[in-house]
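Structure assessment
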Amino acid sequence: MALEQCNVCGSLTSTNDEICLSCGYPAKGRPKLVFFKWTAIGVAVVFGLFLLLGVINRVEQHLNSQPSTPIDR
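So, here's what we can say about the structure. Position numbers for residues start from 1 in each chain and track the written sequence from start to end. Local features are withheld for residues below a pLDDT of 70 in this predicted model, meaning they are given only at 70 or higher, and side-chain atom pairs are given and counted only at 80 or more; totals for whole chains, interfaces and linings count all residues. Hydrogens and waters are ignored; side-chain quantities use all the structure's heavy atoms.

Another point: the packing of aromatic side chains. Planes of paired rings set the category: under 30 degrees apart is stacked, over 60 is edge-to-face and the rest tilted, where pairs are Phe, Tyr or Trp rings (Trp by its six-membered ring) whose centres lie within 6.5 Å. Per the stated rule, a full pass over the model turns up one aromatic pair. Measuring from ring centre to ring centre gives 5.5 Å for Phe-35 and Phe-36, while their planes differ by 70°; the resulting arrangement is edge-to-face. Judged by its relative accessible area of 55%, Phe-35 is exposed. With a 1.4 Å probe rolled over the protein chains alone, any residue whose accessible area is under 20% of its type maximum counts as buried; one over 50% counts as exposed, and the rest are partly exposed.

So, in structure tokens, the structure goes:
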């Protein structure tokens, strides 16, 4: 088992390892696609925006439906 330097972060990793344990970069070949990671983040952001807009709409409806009480003087 020999050690070689990672091309990305420079840490020493074993030649038997498939990825660098420090940065996750593959020791051999191309880096893994992060397509699914970015897709999941995008879906979460869109879902979060719709949820936030729904909450804002519900609060506005609640505030508008309450009758205003006259101030006694």
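Residues enter patches when their relative accessible area tops 30% and they take part in no salt bridge; the joining distance is 9 Å for like charges and 5 Å for the nonpolar side chains Val, Leu, Ile, Met, Phe, Trp and Tyr. Note on areas: Shrake-Rupley with a 1.4 Å probe; residue coverage comes only from the protein chains shown. In the sections that follow, a salt bridge refers to a side-chain nitrogen of Lys or Arg positioned within 4 Å of a carboxyl oxygen of Asp or Glu. On the surface, Val-34, Trp-38, Ile-41, Val-45 and Leu-49 cluster together to form a nonpolar patch covering roughly 490 Å² of accessible area. Its location among the elements puts Leu-49 in helix H1 (residues 35–65). For Leu-49, a relative accessible area of 49% translates into the label partly exposed. To qualify as a helix, a DSSP run of H or I must reach at least 4 residues; to qualify as a strand, a run of E must reach at least 2; elements of each kind are numbered from the N terminus.

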